[in-house]
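A structural walkthrough
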Amino acid sequence: MIEEHAASLRPRGKELVELLDSPGQILAEPVLADRNFPPFPRATRDGYAVRAADLAKLPATLKVVGEIKAGPAADAVLQIELGQAAAIMTGAPAPPGSDAVVMVEYTSRDSDQVTITRGIAAGDNIVPIASEAKRGDLLLPPGIRLDHAAIAVAASVGRSRLLVYSKPRIAVLATGDELVDIDVPLARSQIRNSNTYSLAAQIQAAGGEPVLLPIAPDESERLRELIADGFEADLLLLSGGVSMGKYDLVEQVLTEFDAEFFFTGAQIQPGRPVVFGRVRCGAGAPVREGDSVQSSHKYFFGLPGNPVSTMVTFELFARPILEALAGMTRRKLVFLHARLKSEIKVKPGLKRFLPATLSGEFEQAEVELVRWQGSGDIAATAAANCYIVIPPDEETIKAGDWAPVLIR
């Protein structure tokens, strides 16, 4: 269902940014190869450029007719003839007439003679012209998140600026009389508003721009005002007020905006009381002048108030909508598998996403639950680096069994 709605959303606009300002943003244009990659047959080892046929009998002694290093000087013409070799450095162009590079470890040099003790096949240690990309080939498609590898590609084709999608504005509204701002002295029965800040961090990591609203009290009129303010943004995230308590007012107030609810709960733990829906622009939600989101609706999520539940439901449900608004190509969540360090026993019925620690190296990866006291235990969750995913029909996962893992 989330994917279906995400497919209907479009980003707000585009902007040109400096290359070093673009990491984490979503590319809005294709990036093409401006020449062949590599533009010449590139040596991948330090050694000697040779004709492989000259090494049919070993050891073979060849005449060294020159040296080739990477850089402009490598453009000098040097032809390798029968019985000849040229010293060559990694990244330099293999000279005409050569068809392989022998690693320096298998050679010994004496003046202008080199003796080679290991045979080689034509093409070894040389990357052919245009084998990585031909001029005009698509290197980076629109819709990808720009990471360090994508930045390297853009730099390699001479792009000092890139066209990216404008970041969507995501309103964050925490609710509850028990909440106070983080710099306000606490009464014994109050708690600091951590959800606004954890959501802001998740929004930024997902490519959005958080818009932090004041804390909403458990009172309908003020909550209604703040929800209306939230609909000025591209997406509204509320935390708290979506359970079944007397003062859980979010769903009730959203109905006053003629909200359409797609679901009001999920069979997961933590995060069961999550709400997803939309309001129509011009009715419940305002239409902003110059807003280029090609949608007649504004979407909202009511996330549970317990902090870990808020974090989990953002990743599972809100992130795909945010990424669609950011212009990112749709993708599925990525799950890994690791061996369980210790046995887990749970009650069946809900799919569980439990904070855990993934450790080990290479094929020895192991995962283990952190000790936690439920979905309000943010200290334990901060010590975790992933969630173990337990299917709803499982009661026991034994130590040593493979378990699915969602990386945080």
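Each value, and the rule that gives it
- Residues numbered from 1 in each chain as written.
- Predicted model: local features only at pLDDT ≥ 70, side-chain atom pairs only at ≥ 80, totals over all residues.
- Heavy atoms only, no water.
- Helix = DSSP H or I, 4+ residues; strand = E, 2+ residues; numbered from the N terminus.
- Rg over C-alpha atoms; globule rule 2.2 N^0.38 Å.
- Buried < 20%, exposed > 50% of the residue type's maximum accessible area, 1.4 Å probe, protein only.
- Lys, Arg positive; Asp, Glu negative; His and termini not counted.
- Charge placed at Lys NZ, Arg CZ, Asp CG, Glu CD.
- Pairing = 2+ DSSP bridges.
- Axes fitted to C-alpha atoms, helices over the stretch in contact; angles between N-to-C directions.
- Contact = heavy atoms within 4.5 Å.
- 1 Å grid on protein atoms, 1.4 Å probe; cavity = no way out; pocket = protein on both sides within 12 Å on 5 of 7 lines; lining within 4 Å.
- Points joined across faces, edges and corners; volume = space filled by probe spheres on them.
- Nonpolar A, V, L, I, M, F, W, Y, C, P; charged D, E, K, R; others polar.
- Patch = residues over 30% accessible without salt bridge, like charges linked within 9 Å, V, L, I, M, F, W, Y side chains within 5 Å.
- Areas by Shrake-Rupley, 256 points an atom, 1.4 Å probe, with all protein chains shown as cover.
- Salt bridge = Lys/Arg side-chain N within 4 Å of Asp/Glu carboxyl O.

**Structural notes on the overall build of the chain**
For the chain, the helix and strand inventory stands at 7 helices and 28 strands. The C-alpha radius of gyration computed for the chain amounts to 30 Å, which surpasses the reference 22 Å derived for 408 residues by more than 25%, pointing to a less compact arrangement than a globule. In terms of overall dimensions, the chain has C-alpha extents of about 90 × 55 × 40 Å along its principal axes. Per-residue burial over the chain gives 45% buried out of 408 residues. When the 42 basic and 51 acidic side-chain charges of the chain are each reduced to a single mean position, those positions are 3 Å apart.

**Considerations on the sheet that holds strand β21 (residues 297–303)**
Read across the sheet, 6 strands follow the order β16-β13-β17-β21-β20-β18 without closing on themselves; strand pairing throughout is mixed. The open sheet terminates on both sides in strands that have one partner only, identified here as β16 (209–212) and β18 (260–264). Each adjacent strand pair in this sheet contributes to an overall mean axis angle of 20 degrees, direction not counted. Pairing geometry for strand β13 (residues 169–174) and strand β17 (residues 235–239), over 5 bridges, is parallel. Counterpart to Leu-173 in the pairing with β17 is Leu-238. In this fold helix α3 (residues 195–206) packs onto β13, β16, β17 and β21, with an angle of close to 160 degrees to the strand it touches most, β16.

**Considerations on the layout of surface pockets**
In this structure, the largest pocket occupies an estimated 450 Å³ of space. If you go around the largest pocket, you meet 21 residues; those closest to its centre are Glu-3, Leu-316, Pro-320, Arg-331 and Leu-333. Breaking the lining of the largest pocket down by element, the ones donating at least two residues are α1 (2–6), α6 (307–325) and β24 (351–359). Ranked by residues supplied to the lining of the largest pocket, first place goes to α6 with 7 residues. In terms of residue class, the lining of the largest pocket is made up of 12 nonpolar, 1 polar and 8 charged. Roughly 310 Å³ of internal volume is contained in the second largest pocket. Every residue lining the second largest pocket is listed: Gln-202, Met-311, Glu-315, Arg-319, Arg-331, Leu-333, Val-334, Leu-336, Tyr-387, Leu-406, Ile-407 and Arg-408. Taken together, the elements giving at least two residues each to the lining of the second largest pocket come down to α6 and β28 (402–407).

**Topic: empty space enclosed by the protein**
Within the structure shown, the criterion is met by 2 cavities of 30 Å³ or more. Approximately 30 Å³ is the volume attributed to the second largest cavity. Of the residues in the lining of the second largest cavity, the class split is 3 nonpolar, 3 polar and 1 charged.

**Observations regarding a negative patch on the surface**
Together, Asp-177, Glu-178, Glu-219 and Glu-221 make up a negatively charged patch on the protein surface. Position of Glu-178 among the secondary structure elements: in the loop between β13 and β14 (179–180). Assessed through its relative accessible area of 35%, Glu-178 is described here as partly exposed.

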